[in-house]
Amino acid sequence: MRVVVAEDQTMLRVGLVSLLEAVGHEVVEQVGTGPELSRVLGDWRADVAIVDIRLPPSHTDEGLRAVLAARRVQPALPVLLFSQYVEQLYVRELLADQAGAIGYLLKDRVSHPRQFMDALDQVAVGGTVLDPTVISALINRVERGGPVGTLTERERQVLDLMAQGRSNTAIGYEMHISESATTKHISNVFAKLGLHPSLDDNRRVLAVLAYLNER
């Protein structure tokens, strides 16, 4: 894949580039500020971008704003965003267009190369991926007495993995259960949350996240 990297911390940027090149990807642009990122996104020549939410000059949400502006012009522009902390407001903004091809990971996820590359691959093909820590924060914010509170421990695990963009097969593998058991748990989750099931993995993830974000 052709990848754009927008990160102002030199060491992290170098590490990302090395990791990407080691698995055969081509880094076509490296930038470290919001205005540079806007230029690159406006002249899109890549397959996916990896973007730090907080970039110079403001060091607040320059990266996020550049991405949102670019996706208004080119919906579903594939971007995997990074943040140092869980910012639930950012999650809402990223998912608002329901276009997919978007991810939000915490920066320490780079120390898990396999998970990081899996997330990048999912975003590049139009998937939606959120960091497990972000998902836990969203789930915990929902009232325990509501529908989420009625889920069994197994069903909460399934909800967590679904929100990470995992397929039925991947969920079954992670939980060491059969495909039929996975399907049953997913059906139970949708029923208890009042959501309509979908065969489209991305729409399924968006439905779960929309539910969690509205609470």
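Everything here concerns the structure above.
Now for a quick tour of the structure. (Residues numbered from 1 in each chain as written. Predicted model: local features only at pLDDT ≥ 70, side-chain atom pairs only at ≥ 80, totals over all residues. Heavy atoms only, no water.)

1. Notes on the overall build of the protein
Using the following cut-off: Put simply, DSSP H or I for four residues or longer makes a helix, DSSP E for two residues or longer makes a strand, and each gets a number counted from the N terminus. This radius of gyration counts C-alpha atoms alone. The globule rule is 2.2 Å times how many residues there are, raised to the power 0.38. Partly exposed describes any residue whose relative accessible area lies between the buried limit of under 20% and the exposed limit of over 50%, with all areas from a 1.4 Å probe on protein chains only and scaled to the type maximum. Contact definition: two residues touch when any of their heavy atoms are within 4.5 Å. Accessibility throughout is a Shrake-Rupley quantity obtained with a 1.4 Å probe, and a residue counts as covered only by protein chains that appear here. Working convention for charge: Lys and Arg count positive, Asp and Glu count negative, and His plus the chain ends are omitted. A charge is said to be at NZ when it belongs to Lys, at CZ for Arg, at CG for Asp and at CD for Glu.
Across its full length, the protein holds ten helices and six strands. Relative to a compact globule of 215 residues, whose C-alpha radius of gyration would be 17 Å, the protein shows 17 Å and is just as compact. Seen along its three principal axes, the alpha-carbon backbone of the protein occupies a region of about 45 × 35 × 30 Å. Taking all 215 residues of the protein together, 50% fall into the buried category. Considering only residue pairs separated by 6 or more positions, the protein has 66% of its internal contacts joining residues 24 or more positions apart. Accessible surface, the protein as shown: approximately 10,300 Å² in total, 51% of it carbon and sulfur. Taking the 22 positively charged and 27 negatively charged side chains of the protein as two groups, their mean positions are separated by 5 Å.

2. As for unusual backbone geometry
Cis peptide bonds are those with omega within 30 degrees of zero, and the linkage from Pro-56 to Pro-57 qualifies with 10 degrees. At Gln-98, a position not held by glycine, the phi torsion is positive, near 55 degrees. If you trace the backbone, Gln-98 turns up in the loop between helix H4 (88-95) and strand E5 (102-106).

3. Section: the pattern of salt bridges
This is how it is decided: Salt bridges are defined by distance alone: a side-chain nitrogen of Lys or Arg within 4 Å of a carboxyl oxygen of Asp or Glu.
As enumerated under the stated definition, the model contains ten salt bridges in all. Through salt bridges that share partners, Glu-7, Asp-52 and Lys-107 make up one connected network.

4. Quick word on helix H8 (residues 168-175)
Applicable threshold: Think of the arc as the fan of directions from the helix axis to the C-beta atoms.
Of all the positions in H8, only Ile-171, Gly-172 and Met-175 are classed as buried. In an axial view of H8, the angular spread of the buried residues amounts to 100 degrees, which keeps them on one side of the axis. In H8, the exposed residues that point more than 90 degrees away from the buried face are Thr-169 and Tyr-173. A positive phi of about 60 degrees marks His-176, the residue just after H8.

5. Quick notes on the pairing of strand E3 (residues 48-52)
Our working rule: Strand pairing requires that DSSP identify at least two bridges connecting the strands.
Along E3, five of the five residues are buried, which leaves the element largely enclosed by surrounding structure. Because side chains alternate across E3, one face comprises the buried residues Val-48, Ile-50 and Asp-52, and the other comprises Ala-49 and Val-51, equally buried. Taken together, the four bridges between E3 and strand E4 (residues 79-83) define a ladder with parallel strand orientation. Across the sheet, residue Val-51 finds its bridge partner in E4, namely Leu-81.

6. Description of the nonpolar core
The condition is simple: Definition of nonpolar core: a set of buried residues of the types Ala, Val, Leu, Ile, Met, Phe, Trp, Tyr and Cys, connected through side-chain atoms within 4.5 Å.
Membership of the largest hydrophobic core comes to 53 residues, with the highest contact counts inside it found for Leu-41 and Met-162. At six residues, the largest contribution of residues to this core is made by helix H10 (residues 201-214). Residues in contact with Leu-41, not counting those within four places in the same chain, are Ala-49, Ala-66, Val-67, Ala-70 and Leu-77. The next biggest cluster of nonpolar side chains, apart from the first, holds 20 residues, and it includes Val-3, Leu-20, Phe-116 and Leu-120.

7. A few points about the sheet that holds strand E2 (residues 26-31)
What counts is decided by this rule: Working convention: axes come from line fits to C-alpha atoms, limited for helices to the stretch in contact. Angles between N-to-C directions cover 0 to 180 degrees.
Strands sit in the order E2-E1-E3-E4-E5-E6 across an open sheet of six strands; the sheet is parallel. Lying at the two open borders of the sheet, with one neighbouring strand each, are E2 and strand E6 (128-130). Sheet twist, expressed as the average angle between the axes of neighbouring strands with direction ignored, equals 15 degrees. As defined by bridge partners, E5 adjoins E6 across three bridges and the pair is classed as parallel. Directly across from Ile-102, in E6, lies its bridge partner Thr-128. Running over the sheet, H4 touches E4, E5 and E6 and is turned about 165 degrees from E5.

8. A short note on the packing of helix H7 (residues 153-163) against helix H9 (residues 179-193)
Filter applied, for reference: Convention used here: angles under 35 degrees read as roughly parallel, angles over 145 as roughly antiparallel, angles from 65 to 115 as roughly perpendicular, and any remaining angle as oblique. Ten residue types, Ala, Val, Leu, Ile, Met, Phe, Trp, Tyr, Cys and Pro, are classed as nonpolar, four, Asp, Glu, Lys and Arg, as charged, and the remainder, Gly among them, as polar.
It is the contact of H7 with H9, at a shortest axis distance of 9 Å, that shows an interaxial angle of 90 degrees. Comparing their axes, H9 and H7 come out roughly perpendicular. For the pair formed by H7 and H9, the contact residues are Arg-154, Glu-155, Val-158, Leu-159 and Met-162 on the first element and His-185, Ile-186, Asn-188, Val-189, Phe-190, Lys-192 and Leu-193 on the second. In terms of residue class, the contact of H7 with H9 is built from seven nonpolar, two polar and three charged.

Read these as spatial facts, not as claims about activity.
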